[in-house]
Amino acid sequence: MKNKNLLFARTYEQAMAGSAGRECKPIFHLAPYIGWMNDPNGFCFYQGQYHLFYQYNPYSTEWDSMHWGHAVSRDLLHWTYLPVVLAPDEFYDAQGCFSGSAIELPDGKHLLLYTGVRDEGGDSEKTVQTQCAAIGDGTDYQKYAGNPVIDESTLPTGLSRNDFRDPKVWLEADGSLRCVAGACDMEHLGRILLFSSQDGLSWKFESVLAENDGRLGRMWECPDFFPLDGKHVLLVSPQDMLPEGFEYHNGNGTVCMIGRYDGPSKRFIPEADQAIDYGIDFYAPQTVLTPDGRRVMIGWMQNWDTCKLSGTPDRQWFGQMSLPRELSVRNGRLFQTPIRELEQYRSNPVSYRDVEVQGELTLAGIEGRLVDLEITIRPSDASRLYQKFAVRFAQDERYKTALSFRPHESTLKIDRKFSGSRRAYIHQRRSLVPQTDGTLKLRLILDRFSAEVFVNDGEQVMTATITTGLAAKGISFFADGQVLMDVTKYDLFAEG
Ligand code: FRU
């Protein structure tokens, strides 16, 4: 029977309804309906609402045979689940329906462009990756009979057919389509390939848009490419990164390159690069252009190096998306701010100004695990810099997660050692936050099992998931030295 695996997955979702209920999930961060989630896919605005698909294994909380889960939202914060849309059930995607993107076609239909993974055949344990299409109405999708729509024969010579994935499609002003996909050479060094199409089904190779000279990891996954504030931005998620100062860390990283697009050569010329997120859990982001012209990014709020065994055994789900973040380029750097829609869901403000922090301090009314916290600090005496300032949250006698700032080193550290994890993977990361006078501005958003920290109006972001039980909801402040602090806390509330 056609689509047997999809029908099976839909029936399974129905049977499991409620077992990964809302009470144990984040409120504003999309988590899988049931089972495992990784990358955001097909992030788009279609027929009056946002659609967000995701890499999905409904059957367990571990990565396995990849499906596409589906949710919709009007404000990018409250998500309604729709049934799973893609399951591996054709020869060209039998090993998984990997990441991809979506776009509305001129006739109003919805096109999903995804990576189909199949066995190479013979004795090889390798798989071949091609780009495939499915067309639908926002709920149900049919895989295109002519799949794959971009196969390995399109690859420039010297590129591997085993790593060719994650197409991101967009509409050009003249109505034609473009897409970028990740590939790599035989040394495993990433290439970003550019393709064009008139109808989304027949694609032409245009150019190698960008290539990895070996400095930024190896294979580049999940590319996204768009104009922003007079520049062009290329986002990639490199595998096997080596650290570079405070900028990049080992393992799976995220990179934002800012530069320009050279029309005649169809190449991207990078002028600067930086990490997208300086925390622990962020990978494979994808953007959407909103109807009012904002470039909004969502990432998988997890990282391959830290996700093994981090699910708690009693949880029926694993993986979350980050908050949607509005992007801009200022002074050659990427800025990110939480989407402004979040402000509609802030209530019960509690504010203090000019609080003297010396040692540890708690403030009446400032606590919670579903909060938006704005903090500004400066030295009490401008001529005497303090040693350290910290804010601790998800705190009780046993647990705490901390952000600490050392102005003499200009480093901001996130530390989640005491957040309920029983595993020994990375729990701390430091970021360089240039300053000379001990001033710092933080916006910390907690949504039950995560912390996202927007530093100095979004110049840097640090993201980490936590597994701390919800009873630990204390928030405290600490200074070694003397700090003056302004702080405002809002509770976040969900609609309906
Ligand atoms: C990135 C990634 C993608 C791939 C998908 C598979 O996290 O490895 O390159 O399409 O996950 O689930």
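Cut-off values and rules
- Residues numbered from 1 in each chain as written.
- Predicted model: local features only at pLDDT ≥ 70, side-chain atom pairs only at ≥ 80, totals over all residues.
- Heavy atoms only, no water.
- Phe/Tyr/Trp six-rings, centres within 6.5 Å; stacked < 30°, edge-to-face > 60°.
- Helix = DSSP H or I, 4+ residues; strand = E, 2+ residues; numbered from the N terminus.
- Buried < 20%, exposed > 50% of the residue type's maximum accessible area, 1.4 Å probe, protein only.
- Lys NZ or Arg CZ within 6 Å of the ring centre and 35° of its normal.
- Domains from an automatic or database assignment.
- Contact = heavy atoms within 4.5 Å.
- Buried area = accessible area lost by both parts, 1.4 Å probe.
- Salt bridge = Lys/Arg side-chain N within 4 Å of Asp/Glu carboxyl O.
- Polar contact = N/O pair within 3.5 Å; in protein donor to acceptor, adjacent residues only side chain to side chain.
- Nonpolar A, V, L, I, M, F, W, Y, C, P; charged D, E, K, R; others polar.

Caption draft 1: Structural view of the packing of aromatic side chains. Counted under the stated rule, the structure contains 22 aromatic pairs. With a centroid separation of 5.9 Å and an interplanar angle of 35°, the aromatic rings of Phe28 and Tyr345 are classed as tilted. Of the two residues, Phe28 sits in the loop between helix H1 (4-16) and strand S1 (35-46) while Tyr345 sits in the loop between strand S21 (333-338) and strand S22 (346-361), which places them 317 residues apart along the sequence. The exposure class assigned to Phe28 is buried, which follows from its relative accessible area of 2%. Ring pairs connect the aromatic residues Trp36, Trp300, Trp304 and Phe318, which therefore count as one cluster. Its guanidinium or amino end placed over the ring of Phe335, Arg330 lies 4.0 Å from that ring's centre, counting from NZ or CZ. Over the ring of Phe478 we find Arg392, and its NZ or CZ is 4.7 Å from the ring centre.

Caption draft 2: Inspection of the domain arrangement of the protein at higher detail. By the assigned domains, the protein splits into domain 1 (4-338) and domain 2 (348-492). Between domain 1 and domain 2, the residue contacts involve 36 residues of the former and 33 residues of the latter. Both sides of the domain 1 and domain 2 interface together cover about 2900 Å² of buried area, and 58% of this is carbon and sulfur. The largest share of the area that domain 1 buries against domain 2 comes from Phe246, Tyr278 and Ile280, three residues that together contribute 24% of it. Summed over the shared surface of domain 1 and domain 2, the number is three salt bridges. A salt bridge links Arg416 to Asp281, with the shortest nitrogen-to-oxygen separation between them at 2.7 Å. At the surface where domain 1 touches domain 2, the tally comes to 19 residue pairs in polar contact (both at pLDDT 80 or more). Only helix H2 (304-307), strand S20 (325-330) and S21 provide two or more residues apiece to the side of domain 1 that touches domain 2. If one sorts the elements of the side of domain 1 that touches domain 2 by residue count, S21 sits on top with six residues. The residue makeup of the side of domain 1 that touches domain 2, split by class, is 14 nonpolar, 11 polar and 11 charged.

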